[in-house]
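Descriptive structure summary
Now for the letters of each chain:
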Amino acid sequence: MIEPLLLTTVQVSTFDGERSLSGASGFFFERDGRVFLATSRHVVIDAPSGHVPSHLRIEYHNNPQNLAQSTVLSVPLYNDGAPLWRQGTDGGGEVDVAAIELDRQALGADAPLCAFTPDHLQDSLADIEVGTSVLVVGFPLGFHDTLHHLPVARRAGIASAFGLRFQGQGYFLTDGRTHRGISGAPVVMRRPDDGSPLPWALLGVHSARMDIGSRDLQLDESLGLNCAWYADILLTLTEPAAP
């Protein structure tokens, strides 16, 4: 048996036409029978750095009997120049989370996908104490089990008051070692085993390492802190489109 948590997360590659741009992480989020790919917004567009991919490619399992077999789905980001992904804002400005709906038929009826749902979001924010152990599941520097096409999990801890927007932004901090390629990874906490096939709470979406401009690069080590945007933004990003 493969831990279902590892089947929620996929490697994301960005392209401009056939030109490879970058690698990242993403995960499946299902709501009302619709499947979305959730990742960091800066994976799909980052205008300040000139990162404007035309499409994504995700690698996922398509044979429940053979995890060494995978397939690649190309996910367009634009239709006639209009963005296909959804992004949101809050009182602090833009939220670094994006969701794009996937063609369920194109994924394949037999694909052994595991997806988070609204039931995996944390209802009581006060239950998460500072120092709580969490996992960040993704593809740091693209590293993963290349035979079975599975991500790796990095351990981290909640490093700021959970439920409070750190410095007025819609994220909290984690204390853990992260790398490029893990942007868009789910930040999860184990729930008591109640028989659920996916007994994890989805707390956030990893965005980037936190640093301060005054750090002396020669004298001071990096903080080792990371930004994770609260995952409840996915409820807004996956709402049915207005008729």
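Before reading on, note that the structure itself is shown above.
Owing to the predicted nature of the structure, the values given are computational and were not obtained by experimental measurement.

**Quick word on the overall build of the protein**
A tally of regular secondary structure across the protein gives three helices and 15 strands. Computed over the C-alpha atoms, the radius of gyration of the protein is 17 Å, within 12% of the 18 Å expected from 2.2 N^0.38 for a compact globule of 243 residues. Taking the principal axes of the C-alpha coordinates as reference, the protein spans close to 50 × 45 × 45 Å. Among the 243 residues that make up the protein, the fraction classed as buried is 46%. Long-range pairs, those at least 24 residues apart, make up 65% of the contacts in the protein with a sequence separation of at least 6.

**Here's the deal with the environment of Val 95**
As for its position among the elements, Val 95 is in strand S9 (residues 93–101). The exposure class assigned to Val 95 is buried, which follows from its relative accessible area of 3%. With 112 residues separating them along the chain, Val 95 and Ser 207 place their C-alpha atoms 9.9 Å apart. Aside from chain neighbours lying at most four places away, what touches Val 95 is Arg 41, Gly 88, Thr 89, Asp 90, Trp 229 and Ile 233.

**Digging into the sheet that holds strand S1 (residues 9–16)**
Taken together, seven strands build an open sheet; the order of strands is S5-S4-S1-S2-S3-S9-S8 and the sheet is antiparallel. Lying at the two open borders of the sheet, with one neighbouring strand each, are strand S5 (70–76) and strand S8 (86–90). Each adjacent strand pair in this sheet contributes to an overall mean axis angle of 35 degrees, direction not counted. As defined by bridge partners, strand S3 (residues 34–39) adjoins S9 across four bridges and the pair is classed as antiparallel. Across the sheet, the residue bridging to Thr 39 is Ala 98, located in S9.

**Considerations on the packing of aromatic side chains**
By the definition in use, this model includes seven aromatic pairs. The interplanar angle of 50 degrees and the centroid separation of 5.0 Å between the aromatic rings of Phe 172 and Tyr 230 together place this pair among those described as tilted. In this pair, Phe 172 sits in strand S12 (residues 171–175) while Tyr 230 sits in strand S15 (residues 225–230), placing the two residues 58 residues apart along the sequence. Both residues of the pair, Phe 172 and Tyr 230, count as buried. Grouped by ring-pair contacts, the aromatic residues Phe 162, Phe 172 and Tyr 230 constitute a single cluster.

So, how was this worked out
Residues numbered from 1 in each chain as written. Predicted model: local features only at pLDDT ≥ 70, side-chain atom pairs only at ≥ 80, totals over all residues. Heavy atoms only, no water. Helix = DSSP H or I, 4+ residues; strand = E, 2+ residues; numbered from the N terminus. Rg over C-alpha atoms; globule rule 2.2 N^0.38 Å. Buried < 20%, exposed > 50% of the residue type's maximum accessible area, 1.4 Å probe, protein only. Contact = heavy atoms within 4.5 Å. Pairing = 2+ DSSP bridges. Axes fitted to C-alpha atoms, helices over the stretch in contact; angles between N-to-C directions. Phe/Tyr/Trp six-rings, centres within 6.5 Å; stacked < 30°, edge-to-face > 60°.

By themselves, these observations are geometric and do not establish any function.
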